[in-house]
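Listed here are the chains, written in short residue letters.
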Amino acid sequence: MTIAHLVLEDGTIYRGRAYGATGRTLGEAVFATGMTGYQETITDPSYAGQIVVQTAPQIGNTGVNDEDPESRRIWVAGYAVRQASRIVSSWRATESLETRLERDGIVGIQEIDTRALTRRLRDAGSMRAGIFSGDAVGTEADMLEQVLQSPQMAGQRLADVVSTPEAYQLPATAVRIGHLAVLDLGVKASTLRYLQGQGFDLTVLPHSVTAQEVFALGVDAAFYSNGPGDPAASDQYVELLRELLHARLPFFGICFGNQLLGRALGFGTYKLPFGHRGINQPVLDVATGTVEITSQNHGFAVDAPIGEIVESPAGFGRVQVSHYSLNDQVVEGLRALDLPAFSVQYHPEAAAGPHDSMYLFDRFAQLVRERKDA
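Below is a short write-up of the structure.

Considerations on the pattern of salt bridges
Phase 1: Counted under the stated rule, the structure contains 18 salt bridges.
Phase 2: A salt bridge links Glu95 to Arg100; its shortest N-O distance comes to 2.4 Å.
Phase 3: On the basis of relative accessible area, Arg100 is assigned to the buried category, the value being 8%.
Phase 4: In this structure, Asp104 and Arg103 form a salt bridge, with 3.5 Å as the shortest nitrogen-oxygen distance.
Phase 5: The network of salt bridges with common partners includes Asp66, Glu95, Arg100, Arg103 and Asp104.

With respect to the environment of Gln259
Phase 1: Relative to the helices and strands, Gln259 is located in helix H9 (residues 256-264).
Phase 2: Considered as a pair, Gln259 and Pro231 are 28 residues apart in the sequence and their alpha carbons are 6.4 Å apart.
Phase 3: Contact partners of Gln259, with chain neighbours within four places excluded, come to Pro231, Thr269, His298, Phe300, Ala301, Val302 and Gln345.

Some words on the packing of helix H8 (residues 235-246) against H9
Phase 1: For the pair H8 and H9, interaxial distance at closest approach is 9 Å and the crossing angle is 70 degrees. With respect to H9, the axis of H8 lies roughly perpendicular. Handedness of the H8/H9 crossing: right-handed. Across the interface between the two elements, Asp235, Tyr237, Val238, Leu241, Arg242 and Leu245 of H8 pack against Phe256, Leu260, Leu261, Arg263 and Ala264 of H9.
Phase 2: Broken down by class, the residue content of the contact of H8 with H9 amounts to eight nonpolar, no polar and three charged.

Here we look at the nonpolar core
Phase 1: With 36 residues, the main nonpolar core has Tyr224 and Leu245 as its most contacted residues.
Phase 2: Those elements that place two or more of their residues in this core are strand S11 (178-183), helix H7 (211-216), strand S13 (221-224), H8, H9, strand S18 (318-325) and strand S19 (331-336).
Phase 3: Considering each element in turn, this core owes the most residues, six residues, to H8.
Phase 4: Core analysis: the second largest hydrophobic core is formed by 24 residues, Val187, Ala221, Phe223 and Ile254 among them.

A word on H9
Phase 1: Within H9, nine of the nine residues are buried, which leaves it mostly tucked inside the rest of the structure.
Phase 2: Of all the residues in H9, the buried ones are Phe256, Gly257, Asn258, Gln259, Leu260, Leu261, Gly262, Arg263 and Ala264.
Phase 3: The positive-phi residue at the C-terminal boundary of H9 is Gly266, with phi of around 105 degrees.

Topic: the side chain of Asp230
Phase 1: Looking at where Asp230 falls in the secondary structure, it is placed in the loop between S13 and H8.
Phase 2: Filtering out sequence-adjacent residues up to four positions away, Asp230 remains in contact with Met153, Ala154, Gly155, Gln156, Phe256 and Phe300.

Quick word on unusual backbone geometry
Phase 1: Backbone geometry at Glu111 places phi at a positive 65 degrees, although glycine is not the residue there.
Phase 2: Looking at where Glu111 falls in the secondary structure, it is placed in the loop between strand S8 (107-110) and helix H3 (114-124).
Phase 3: Given the relative accessible area of 40%, Glu111 is considered partly exposed.
Phase 4: Phi is positive for Gln329, close to 60 degrees, though the residue is something other than glycine.
Phase 5: Secondary-structure assignment places Gln329 in the loop between S18 and S19.
Phase 6: On the basis of relative accessible area, Gln329 is assigned to the partly exposed category, the value being 46%.

Description of the environment of Ala287
Phase 1: Along the chain, Ala287 turns up in the loop between strand S15 (268-285) and strand S16 (291-303).
Phase 2: Note: C-alpha distance between Ala287 and Ile131 (156 residues apart in sequence) is 45 Å.

Some remarks on the sheet that holds strand S2 (residues 13-20)
Phase 1: Taken in spatial order, the seven strands of this closed barrel run S1-S2-S8-S6-S4-S3-S9, and their pairing is mixed. Going from strand to strand, the sheet's axes swing by 35 degrees on average, the running direction of each strand aside.
Phase 2: For strand S3 (residues 24-32) and strand S9 (residues 127-133), the ladder comprises six bridges, and the chain directions are antiparallel. When the sheet's bridge partners are listed, Arg24 is paired in S9 with Phe132.
Phase 3: Packed onto the sheet, helix H4 (residues 140-148) meets strand S1 (3-8), S2, S3 and S9 and runs at close to 135 degrees relative to S9.

Structural notes on the pairing of S1
Phase 1: Across the six residues that make up S1, a large majority, five, are buried.
Phase 2: Judged from the five bridges that link them, S1 and S2 form a sheet pairing that is antiparallel. When the sheet's bridge partners are listed, Val7 is paired in S2 with Ile13.
Phase 3: Here S1 hands over to S2 after four residues, with Gly11 in that stretch at a positive phi of 95 degrees.

Reading guide: rules and limits
- Residues numbered from 1 in each chain as written.
- Predicted model: local features only at pLDDT ≥ 70, side-chain atom pairs only at ≥ 80, totals over all residues.
- Heavy atoms only, no water.
- Salt bridge = Lys/Arg side-chain N within 4 Å of Asp/Glu carboxyl O.
- Buried < 20%, exposed > 50% of the residue type's maximum accessible area, 1.4 Å probe, protein only.
- Helix = DSSP H or I, 4+ residues; strand = E, 2+ residues; numbered from the N terminus.
- Contact = heavy atoms within 4.5 Å.
- Axes fitted to C-alpha atoms, helices over the stretch in contact; angles between N-to-C directions.
- Parallel < 35°, antiparallel > 145°, perpendicular 65-115°, else oblique.
- Left-handed = near helix turned anticlockwise from the far one by under 90°.
- Nonpolar A, V, L, I, M, F, W, Y, C, P; charged D, E, K, R; others polar.
- Core = buried A, V, L, I, M, F, W, Y, C linked by side-chain atoms within 4.5 Å.
- Pairing = 2+ DSSP bridges.

Any functional reading would require information beyond the geometric quantities listed.
Structure follows, in structure tokens:
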């Protein structure tokens, strides 16, 4: 048995056993409330730099497979679970979760009270943390000092770490309606599949792309993906988006893309105390009054007024908050009324569900059709 410690920056220590790779890892401790879809969670690039605490009491029951990953590798900085399943029970599984964690070098911990840890993060807010196992376990003071020396999530730009190094193309898998530029800031595989399924030929672009390079492609629309890091540290992507908006290119953004649209329109962003992470987050669609149960993973949010139409501080016309959280009234979507642009803070592409928000892909496709027919 290899011992492991999870140390929070406030000095709290949770003692358990190693899970996955052994060693040391540092990151922001956050909790995810999904009861299923753990493989999609850990391969979501938006979790880069974060130690994910699963609130579900048992993890690993269905192992992992080669169909469900959302990206090319596991991106979580560390992984904490209450009980790791001792057996794998799925005909689709190719190996155990722990084997995959070891292969990708993900340091984790098991047999800790994740409910108590989650309550602490919920009450005190997300904190820097470290998991130490094997030879990396030191004195409490030494481990805490390493945690305190690690960077805060606020101010970090991580999209360049997870973005594709080179552009690549994917063909439409339905009747073609246009050519879409996808800025990969940590895009998920399911997002690309759904966009292809709407009839878009995709050019997936690295984070370093310029507006001139986008325009040279002759695309019909643009899309900003989800991704990790602080939107306030991502002015490069904001300036690119402003040029696309000035050109009146139809735009759709998801998660990080929503925050960047907010900043492009002139609104601020701020860090949430513990963020929204899980597949059971209720959101109100202002236009219809419909409540959607959504999948979310974000620690930052847009600072814009709910319940009124306002002028964009950056001069892009009228803007409305289209969706907001019923848990804490956080902005969950934006709609530009004088531009063909909208975004949501949550994940309509959630492969593990729920699928209440899939209509947003249809809405975007219809927006592009209307612009082409005009």
